Amino acid sequence: MNVDLVIAGSGLFGLTVAERCARELGLRVLIAERRDHIGGNAYSEVEPSTGIEVHRYGAHLFHTSNERVWDYVNRFTAFTGYRHRVFSIYKGRVYPMPINLGTICTYFGRAMSPDEARALIAEQAGEVAEPKNLEEKAISLIGRPLYEAFIRGYTAKQWQTDPRELPAEIITRLPVRYTFEDRYFADRHEGLPVDGYTAWLERMADHPRIEVRLGTDFFDLGTAGDVPVVYTGPLDRYFGYSEGALGWRTLDFEREVLPTGDFQGTPVMNYADEDTPYTRVHEFRHFHPERRYPADRTVIAREYSRFAEPGDEPYYPIDTAEDRAKLTRYRELARAEKDVWFGGRLGTYRYLDMHMAIASALTMVDNRLRPRFRGRIGTKEAT
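These numbers were taken from a predicted model, which means no experiment stands behind them.

(A) The arrangement of the domain arrangement of the chain in detail. One can read the domain layout of the chain as domain 1 (5-82 + 189-242 + 313-376), domain 2 (86-170) and domain 3 (248-307). Using only C-alpha atoms to locate each centre, domain 1 and domain 3 end up separated by 26 Å. With 30 residues of domain 1 in contact, the opposing surface of domain 3 contributes 24 residues. Between domain 1 and domain 3 we count two salt bridges in total.

As structure tokens, this is what we get:
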């Protein structure tokens, strides 16, 4: 195989590694992507009857306080001024999320100062001193009333499990803002790619020394031991599930085109009531209010959460004690692999926001791949 590096997977981690290795290190890079598109879960597509850009795998919102990452991504796309805000419906009323002073005042039906709200929540949280499960942990952080309204039903749907049967460590903290600040993210930089995610991702892969093979499983290439590899697929699959399968949550999306110009007035609406089967609804037109979308049609997607089964797309590591024990053994196997580097969400069994995946990829290039290939291949280009 006439390449210097094979990358399994074309998510943001794999694309960042490929782009830097091709452009900076002069490597010939082959990306093997099992799906029919690049970009992993960040991929977006145009709904043909409306022209509305849809995030196929759920809402992806770019945000970061990492200046290196921000400078890097701006090489490939400009960003809009979008600021993400989320609302939650509970018993027919709408509340801003995450929990802030506006949520607290609306829920309890009275105006409160920050000090008054802090005192109220502290009093209610004092009900539980030594939490033994997720429910008790959440109550110890925000009190029972807010837990019952905004966490219990939503968590039960997310995990398909009673929160009293889930470990306390799943919720290490619940953000409560004692101001009316309702921005979902607090990062210095935030926005959506002006031309959409797919245009951004395609620009990253657009280099003469990068070849992308779609619909190609890395394990069908037969390159083991012949060419250095950056592997971003499922860690357990690489080792033939020898230590057991790692647990994941997956998501299902029910997409619908509706005959209205605006279904819910916001990009993402959470549904906290347990008897509503989906966890949230995305309305994609609201991610780009600057675009001219149809005034009489809109696209929504209802999101459902469940345990991943074989063949499902893994989204979130479950990370039980059993999973962590397996992960320790897989990491030992990974360290013993010569010229194979594991990265990305699937390759490390860690949930990574987009900016975290890019930062991790840049670090791998600096600390692992640059020393490995220094002085041996290619000619560095201007970056």
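Having put the structure on the table, let's press on.
(B) Seen up close, the packing of aromatic side chains. According to the stated counting rule, one finds 31 aromatic pairs in the structure shown. Taken together, F218, F219, Y231, Y238, F239, Y330 and F342 form an aromatic cluster joined through their ring pairs. Against the face of F307 rests R249, its NZ or CZ located 4.3 Å from the ring centre. Lying across the ring of F373, R372 places its NZ or CZ 4.8 Å from the centre.

(C) Quick look at helix α4 (residues 114-125). Over its 12 residues, α4 runs 16 Å from end to end, which matches the ideal 16 Å to within 8%, given 1.5 Å per residue. Looking only at α4, the buried set comprises A117, L120, I121, Q124 and A125. Down the axis of α4, the buried set is contained in an arc of 130°. They therefore lie on one face. Away from the buried face of α4 by more than 90 degrees, exposed residues D115, A122 and E123 are located. Taken together, the buried residues of α4 touch α3 (101-108), α5 (134-142) and α6 (144-159).

(D) Fine view of the packing of α3 against α4. The contact between α3 and α4 brings their axes to 11 Å, and the two run at 70°. In terms of axis orientation, α3 runs roughly perpendicular to α4. Taken as a pair, α3 and α4 cross one another with a handedness that is left-handed. Across the interface between the two elements, L101, I104 and F108 from α3 touch P114, A117, L120, I121 and Q124 from α4.

(E) Main features of the nonpolar core. If you look at the biggest cluster of nonpolar residues, it comprises 105 residues, and the most contacted ones within it are L5, V17, F62, W200 and L369. Excluding anything up to four places from it in sequence, L369 contacts L5, V17, C21, L25, V230, W341 and M364. Counting seven residues, the second largest nonpolar core, distinct from the first, contains L258, Y271, Y278 and V281.

(F) Layout of the packing of α3 against α6. Viewed as axis vectors pointing N to C, α3 and α6 meet at an angle of 100°, and their least axial separation amounts to 12 Å. Classified by the angle between their axes, α3 and α6 sit roughly perpendicular to one another. Here α3 contributes T103, I104, Y107 and F108 to the contact with α6, which in turn contributes P145, L146, A149 and F150. Broken down by class, the residue content of the contact of α3 with α6 amounts to seven nonpolar, one polar and no charged.

(G) Representation of the confidence of the model for the chain in the model. Residue-level pLDDT values for the chain average 94, and 97% of them are 70 or greater. With pLDDT under 50 throughout, residues 379-383 is counted as low confidence; its partners more than four residues away or in other chains account for 13 contacts.

(H) Spotlight on the sheet that holds strand β10 (residues 229-231). Reading across the sheet, the five strands line up as β9-β2-β1-β10-β16 and stay open at both edges, with parallel pairing between neighbours. The strands lining the two open edges of the sheet, one partner per strand, are β9 (210-214) and β16 (340-342). Each neighbouring strand pair of the sheet contributes to a mean axis angle of 15°, computed without reference to strand direction. In the sheet, strand β2 (residues 29-33) pairs with β9 via five bridges, with the strands oriented parallel. By the bridge assignment, I31 is partnered in β9 with V212. In the packing of helix α11 (residues 354-373) onto the sheet, the strands contacted are β1 (5-8), β10 and β16, and the crossing angle to β16 comes to about 175°.

(I) Quick look at the sheet that holds strand β12 (residues 268-271). If you trace the seven strands from one edge of the open sheet to the other, you get β7-β6-β12-β13-β14-β11-β15, paired in mixed fashion. At either margin of the open sheet sits one strand with a lone partner, and together these are β7 (93-97) and β15 (316-317). Inspection of the sheet shows strand β13 (residues 280-283) paired to strand β14 (residues 298-307) by four bridges, in the antiparallel sense. Bridging from a neighbouring strand, R280 pairs with E303 of β14. On top of the sheet, α3 reaches β6 (86-90) and β7; it is set at about 155° to β7, its chief contact. Docked against the sheet, α6 engages β6, β7, β11 (248-258), β12, β13 and β14, running at close to 95° with respect to β6.

What counts, and where the lines are drawn
- Residues numbered from 1 in each chain as written.
- Predicted model: local features only at pLDDT ≥ 70, side-chain atom pairs only at ≥ 80, totals over all residues.
- Heavy atoms only, no water.
- Domains from an automatic or database assignment.
- Contact = heavy atoms within 4.5 Å.
- Salt bridge = Lys/Arg side-chain N within 4 Å of Asp/Glu carboxyl O.
- Phe/Tyr/Trp six-rings, centres within 6.5 Å; stacked < 30°, edge-to-face > 60°.
- Lys NZ or Arg CZ within 6 Å of the ring centre and 35° of its normal.
- Helix = DSSP H or I, 4+ residues; strand = E, 2+ residues; numbered from the N terminus.
- Expected span 1.5 Å × (residues − 1).
- Buried < 20%, exposed > 50% of the residue type's maximum accessible area, 1.4 Å probe, protein only.
- Arc of directions from axis to C-beta.
- Axes fitted to C-alpha atoms, helices over the stretch in contact; angles between N-to-C directions.
- Parallel < 35°, antiparallel > 145°, perpendicular 65-115°, else oblique.
- Left-handed = near helix turned anticlockwise from the far one by under 90°.
- Core = buried A, V, L, I, M, F, W, Y, C linked by side-chain atoms within 4.5 Å.
- Nonpolar A, V, L, I, M, F, W, Y, C, P; charged D, E, K, R; others polar.
- pLDDT = per-residue confidence, 0-100.
- Pairing = 2+ DSSP bridges.

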